Amino acid sequence: LELPHWTIHRHTDAQGTTVVRAAPLRHAVPCIGYVIDESDVSGRIDAAKCTAMGLPPGRKYTYLKEGQSVQNDAGEWIHPEDVIGGSRPGRKLCLLGDTCDSIGIAKLALGADLLVHESTFADVKHEEALYKGHSTSTMAGEFAKMIKARNLLLTHFSNRYGTEKNHRETGGSAANFRNYKREKQGVKDENLAVLGDDDLDDDMALPESAPEDMKAAMQAELHTVEGLVREAAAAKGDSRVVAASDFFSFNITRREEFDDIDIAKGDRTSVFAGPSVLPQLEDVDEARRRINGGGSGYRIGAGDALGRAGGEAAAAGGTVAAESAAMKDGRHLNTAVGPAKEGETEG
């Protein structure tokens, strides 16, 4: 079975080419994952070597970076390969929505410098995770290992998994959690109801009967987000695993040399060689008029072969690509992730 995938954004500028591709994930409702590829860039010019060869910093450095040979004041030719290092690997990001099986995007995601993957449950809740269409921390770590991801960023934690700090402060009970919100965070009594039973009581209600495996049940209840990170790291095989939080940012530094993870990306020539693909943007007022008139979904242009699902992916992917492009600043690409904590039954 070959699952579909779409190229929803491809754009080339002075910084290189950026491509966004999308593929379906397995969840209770339709869900999409995205892979953002950045083309390799030329190596750095060795200014000291250029100066030693009689070429001080200036406009001719630009010509060298563009692949042109230049002459110094003495008329001697200096070639790009003489003073420019090897190309530097382009970065790859894999951003996944809710999922209990991400195999459909695995091939596209190989060698990701950052994988953002949900971790709704601890490993002991594996069967419950599958039933609800979500992943455990171990499943996230295993997928990261499968695609040879450099870094794994966990998100979408069940509300039962607090941090070690708030577990100490609340005692892990719903009642204590309400007191914590009231006394430490200043939440008024009339506003505590806004948190809702799904946020507080559902995971902490007494079961109808005692669990068969009491040790496993205790382990599940005592887990913290830090514990999920440890489980994911064990499954991934290294410690490059972090937990996201609201307004969290993660810098993906451009590497100077290729390593095994960059090689795992494979030959991406065809990915970058295609025609420009830009998402179709629709004015908010225009969209409102169209929907009020009986339309639905995103506007899809004539001849668009993606269909409605592709149109939705293009709209979302275009935003991801635009945000990533806007945050490029030389050596760093900032990926903003949040919020990380959501209800475990939320689609």
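Just so we're clear, the structure is a prediction, and the values are computed from it rather than from any experiment.

(A) Quick look at the overall build of the chain. Scanning the chain from N- to C-terminus turns up 15 helices and eleven strands. Looking at the chain residue by residue over its 347 residues, the buried ones come to 41%. If you take every contact in the chain between residues at least 6 apart in sequence, the share linking residues at least 24 apart comes to 65%. A total accessible area of about 19,000 Å² is found for the chain, and carbon and sulfur atoms account for 53% of it.

(B) Looking closely at the pattern of salt bridges. With the rule as written, the count across this model stands at 19 salt bridges. Note that Asp37 is salt-bridged to Arg21, the shortest N-O span being 2.8 Å. Of this pair, Asp37 sits in strand S3 (residues 31-38) while Arg21 sits in strand S2 (residues 16-25), and the two are 16 residues apart along the sequence. Through salt bridges that share partners, Asp113, Arg150, Arg255, Asp259, Asp262 and Lys265 make up one connected network.

(C) Here's a closer look at the pairing of strand S1 (residues 6-13). Relative to S2, S1 is paired through seven bridges, and the arrangement is antiparallel. Directly across from Trp6, in S2, lies its bridge partner Ala22. Between S1 and S2, which follow one another and run antiparallel, lie two residues.

(D) Broad picture of the confidence of the model for the chain. Residues of the chain with pLDDT of at least 70 account for 67%, and the chain-wide mean is 77. Counted against residues more than four places away or in other chains, residues 167-175, with its pLDDT under 50, gives 18 contacts. Contacts of residues 300-347 to residues separated by more than four positions or lying in other chains number 112 contacts, the stretch itself having pLDDT below 50.

(E) The arrangement of the side chain of Arg91 in detail. Along the chain, Arg91 falls in the loop between helix H3 (80-83) and strand S6 (92-96). On the basis of relative accessibility, which here comes to 3%, the residue Arg91 falls in the buried class. Within the structure, Arg91 has its side chain in polar contact with the backbone oxygen of Ile252 (distance 2.9 Å).

(F) Spotlight on the side chain of Ser39. Among the secondary structure elements, Ser39 is positioned in the loop between S3 and helix H1 (47-52). Looking at Ser39, its side chain comes within polar contact range of the main-chain nitrogen of Thr17, at 2.9 Å. Once residues within four sequence positions are removed from consideration, Ser39 is found in contact with Gly16, Thr17, Gly90, Arg254 and Phe272.

(G) Looking closely at a nonpolar patch on the surface. A contiguous nonpolar patch, built from Leu3, Ile103 and Met146 and spanning about 260 Å² of accessible area, is present on the exposed surface. Of note, Ile103 is situated in helix H4 (residues 103-109). We classify Ile103 as partly exposed; its relative accessible area is 48%.

(H) Molecular detail of the nonpolar core. Counting residues in each nonpolar core, the largest one holds 29 residues, and the members touching the most others are Ile105, Leu115, Ile147, Leu152 and Leu154. At five residues, the largest contribution of residues to this core is made by helix H11 (residues 225-236). When near neighbours in sequence (up to four residues on either side) are disregarded, Leu115 contacts Cys94, Leu96, Ala140, Phe143, Ala144, Ile147, Ala149, Asn151, Leu152 and Leu153. By size, the runner-up hydrophobic cluster in this structure holds 15 residues, among which are Ile36, Leu114, Val116 and Phe250.

(I) Expanded view of the packing of helix H6 (residues 137-146) against H11. Relative to each other, H6 and H11 sit at 35°, their axes nearing to 7 Å. With respect to the hand of their crossing, H6 and H11 are arranged in right-handed fashion. Here Ser137, Thr138, Gly141, Glu142, Ala144 and Lys145 of H6 lie close against H11, whose contacting residues are Leu228, Glu231, Ala232, Ala235 and Lys236. In terms of residue class, the contact of H6 with H11 is built from four nonpolar, three polar and four charged.

(J) Fine view of unusual backbone geometry. Of note, the phi angle at Lys148 is positive, near 60°, even though the residue is not glycine. Here Lys148 is to be found in the loop between H6 and strand S8 (151-155). In this structure Lys148 comes out as partly exposed when scored by relative accessible area, which is 46%.

(K) Seen up close, helix H14 (residues 284-292). Looking at where H14 begins, the residue whose side-chain oxygen comes 3.0 Å from the main-chain nitrogen of Asp285 is Asp283. Looking at the residues trailing H14, positive phi occurs at Gly294, about 110°.

The rules behind each value
Residues numbered from 1 in each chain as written. Predicted model: local features only at pLDDT ≥ 70, side-chain atom pairs only at ≥ 80, totals over all residues. Heavy atoms only, no water. Helix = DSSP H or I, 4+ residues; strand = E, 2+ residues; numbered from the N terminus. Buried < 20%, exposed > 50% of the residue type's maximum accessible area, 1.4 Å probe, protein only. Contact = heavy atoms within 4.5 Å. Areas by Shrake-Rupley, 256 points an atom, 1.4 Å probe, with all protein chains shown as cover. Salt bridge = Lys/Arg side-chain N within 4 Å of Asp/Glu carboxyl O. Pairing = 2+ DSSP bridges. pLDDT = per-residue confidence, 0-100. Polar contact = N/O pair within 3.5 Å; in protein donor to acceptor, adjacent residues only side chain to side chain. Patch = residues over 30% accessible without salt bridge, like charges linked within 9 Å, V, L, I, M, F, W, Y side chains within 5 Å. Core = buried A, V, L, I, M, F, W, Y, C linked by side-chain atoms within 4.5 Å. Axes fitted to C-alpha atoms, helices over the stretch in contact; angles between N-to-C directions. Left-handed = near helix turned anticlockwise from the far one by under 90°. Nonpolar A, V, L, I, M, F, W, Y, C, P; charged D, E, K, R; others polar.

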